[in-house]
2 protein chains.
Amino acid sequence: MYPSSLEKLIELFRSLPSVGRKTAERYAMAVLEMPEENVEAFSRQMMDVLRKIRKCPVCGNITESEKCEICSDENRDHTVICVVQQPRDVMALERLGQFKGVYHVLHGAISTVKGVLPEDINIESLFSRIDDNTKEIIIATNSTLEGDTTALYLTKRLRSYENITVTRLASGLPSGGNLDYADDVTLMRAFQGRIRQ
Amino acid sequence: MYPSSLEKLIELFRSLPSVGRKTAERYAMAVLEMPEENVEAFSRQMMDVLRKIRKCPVCGNITESEKCEICSDENRDHTVICVVQQPRDVMALERLGQFKGVYHVLHGAISTVKGVLPEDINIESLFSRIDDNTKEIIIATNSTLEGDTTALYLTKRLRSYENITVTRLASGLPSGGNLDYADDVTLMRAFQGRIRQ
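Calculation rules
Residues numbered from 1 in each chain as written. Chains lettered and ligands numbered in written order. Predicted model: local features only at pLDDT ≥ 70, side-chain atom pairs only at ≥ 80, totals over all residues. Heavy atoms only, no water. Contact = heavy atoms within 4.5 Å. Buried area = accessible area lost by both parts, 1.4 Å probe. Salt bridge = Lys/Arg side-chain N within 4 Å of Asp/Glu carboxyl O. Polar contact = N/O pair within 3.5 Å; in protein donor to acceptor, adjacent residues only side chain to side chain. Helix = DSSP H or I, 4+ residues; strand = E, 2+ residues; numbered from the N terminus. Nonpolar A, V, L, I, M, F, W, Y, C, P; charged D, E, K, R; others polar. Least-squares fit on C-alpha atoms with pLDDT ≥ 70 in both. Pairing = 2+ DSSP bridges. Axes fitted to C-alpha atoms, helices over the stretch in contact; angles between N-to-C directions. Buried < 20%, exposed > 50% of the residue type's maximum accessible area, 1.4 Å probe, protein only. Parallel < 35°, antiparallel > 145°, perpendicular 65-115°, else oblique. Left-handed = near helix turned anticlockwise from the far one by under 90°. Domains from an automatic or database assignment.

Topic: the interface of chain B and chain A
At step 1: Counting residues at the interface gives 47 residues for chain B and 47 residues for chain A.
At step 2: The contact between chain B and chain A buries some 4,500 Å² in all, and 72% of this surface belongs to carbon and sulfur atoms.
At step 3: At the junction of chain B with chain A, the criterion picks out zero salt bridges.
At step 4: Counting across the interface, chain B meets chain A through eight residue pairs in polar contact (both at pLDDT 80 or more).
At step 5: Put simply, the parts of the chain that give the side of chain B that touches chain A at least two residues each are α1 (4-14), α2 (21-33), α3 (36-52), β2 (62-63) and α5 (87-96) of chain B.
At step 6: Its residues placed into classes, the side of chain B that touches chain A shows 27 nonpolar, nine polar and eleven charged.

Brief notes about the relation of the copies chain B and chain A
At step 1: Rotating chain B by 180 degrees and moving it 0.0 Å along the rotation axis overlays it on chain A with an RMSD of 0.1 Å. With respect to symmetry, the two chain copies, as superposed, fit the operation of a two-fold axis. Considering only C-alpha atoms, the residue of chain B closest to the rotation axis is Ser43(B), which sits at 2.1 Å.
At step 2: Same-surface contact between copies: 100% of interface residues of chain B are shared with the interface of chain A.

Remarks on the sheet that holds strand β4 (residues 101-105) of chain B
Residue and element names in this part refer to chain B.
At step 1: Within the open sheet, the four strands sit side by side as β4-β3-β5-β6. Their pairing is parallel. A strand with exactly one partner marks an edge of an open sheet, and here the two such strands are β4 and β6 (165-168). Averaged over all neighbouring strand pairs, the angle between strand axes comes to 25 degrees, with direction disregarded.
At step 2: Of the strand pairs in this sheet, strand β3 (residues 77-84) and β4 are connected by five bridges, and their pairing is parallel. Along β4, the bridge assignment pairs Asp 77 with Gly 101.
At step 3: Sheet strands in contact with α5 are β3 and β4, and its direction is about 155 degrees off that of β4.

Side note on unusual backbone geometry
Residues and elements named next belong to chain A.
At step 1: For Ser 18, which is not glycine, the phi dihedral falls at a positive 60 degrees.
At step 2: Within the secondary structure layout, Ser 18 lies in the loop between α1 (4-14) and α2 (21-33).
At step 3: Under the relative-accessibility criterion, Ser 18 is labelled exposed at 65%.

A word on the side chain of Thr150(A)
Residue and element names in this part refer to chain A.
At step 1: Within the fold, Thr 150 resides in helix α7 (residues 145-158).
At step 2: Polar contacts involving the side chain of Thr 150 include one to the main-chain amide nitrogen of Ile 110, which spans 2.9 Å.
At step 3: Setting aside residues no more than four positions away along its own chain, Thr 150 makes contact with Leu 106, Ala 109, Ile 110, Ile 121 and Thr 141.

Brief notes about the packing of helix α3 (residues 36-52) of chain A against α3(B)
At step 1: Put simply, α3(A) and α3(B) touch, their axes get as near as 9 Å, and they point 170 degrees apart. With respect to α3(B), the axis of α3(A) lies roughly antiparallel. Crossing geometry of α3(A) relative to α3(B) is assigned as left-handed. Of the residues in α3(B), those in contact with Glu36(A), Val39(A), Glu40(A), Phe42(A), Ser43(A), Met46(A), Met47(A) and Leu50(A) of α3(A) are Glu36(B), Val39(B), Glu40(B), Phe42(B), Ser43(B), Met46(B), Met47(B) and Leu50(B).

Description of the domain arrangement of chain A
At step 1: When the domains of chain A are assigned, the result is domain 1 (4-52) and domain 2 (77-168).
At step 2: Spacing between the C-alpha centres of domain 1 of chain A and domain 2 of chain A amounts to 34 Å.

Brief notes about the sheet that holds strand β5 (residues 136-139) of chain A
All names here are of chain A.
At step 1: In space, the four strands of this open sheet follow the order β4-β3-β5-β6, with parallel pairing throughout. Two strands lie at the open edges of the sheet, namely β4 (101-105) and β6 (165-168), each paired on one side alone. Strand after strand, the sheet turns through a mean of 25 degrees between neighbouring axes, direction not considered.
At step 2: Across the sheet, helix α5 (residues 87-96) lies against β3 (77-84) and β4, angled at about 155 degrees from β4, the strand it touches most.

Now the structure itself:
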């Protein structure tokens, strides 16, 4: 057994996603080898994040301001809402610099296996922000069972809004992907979604 | 870009071994989702480790006491010293419950590539603790280029101690390992170190 303070830190590292005992040990050891000021910064930053980061009351994205940067930006097109599962999905899409609309972050996805119901994620606030100006809802949930379930749920509920176009990100072969390396579901979707040239 | 407090935390996570940008983002997000008391515990524990953990003045292993548990234990055989690279190697060997001697932790290995010289690691204190009672030094450095270099260095310097047996952990096929999956160096060592049955 490691000294108890180290053992506790190892257990805390294990609470991070996909971190097992060995990795947690390596992380804790790395903390021991860090310069003192880095450990202090680490410790301080955790508390800082806890205190400063909040969810945007409009879209649910993380922010340090009252309302997030994107929702506050009048140059963005507030009539197009892109629905994503996580804040990091917003970052991924923003990196493209393509999308000029706004986002809605669900903070999860509906899952029958994990028992996550629509009311457990940030879905209702999507419907309450939809108004007469809303033109398009882009569903950009993951291409997984949970992402698909969520997309299906949203599509069904959005059907009653006749003036809103509902779209979903295309599924298919990833760029640079070999056909014979693609899994069956990906291949099937790429096939079904084939585009006339 | 993420909010700045989160961005800083992501950068700190990146300073952990083998953690890239994506993993660091996932960890920082996980911190956001943690119950408040866990984040506080995490923050506190980092500082706690910084304050409490020190190196044993005898063997260099990490400890919260003046002298580590193993060095303080009179039931252990202090005439046999097992030299390892890292504190986690001590844990690995202790888990076996086989070895009843004491350890010496180098906190690194000699590396020409990384420019780590013998004086950069905890080697001199090994020679200063050797006395007339010392019977055996077991070199248990990793079976890597750096571990081998360190073992060679130690073996050479220990040659002048005529009454001390110097041994090294056996190299060979890992248990359960298929011969045809073994890399060439492993296979060569297993072959050279073959044992008469």
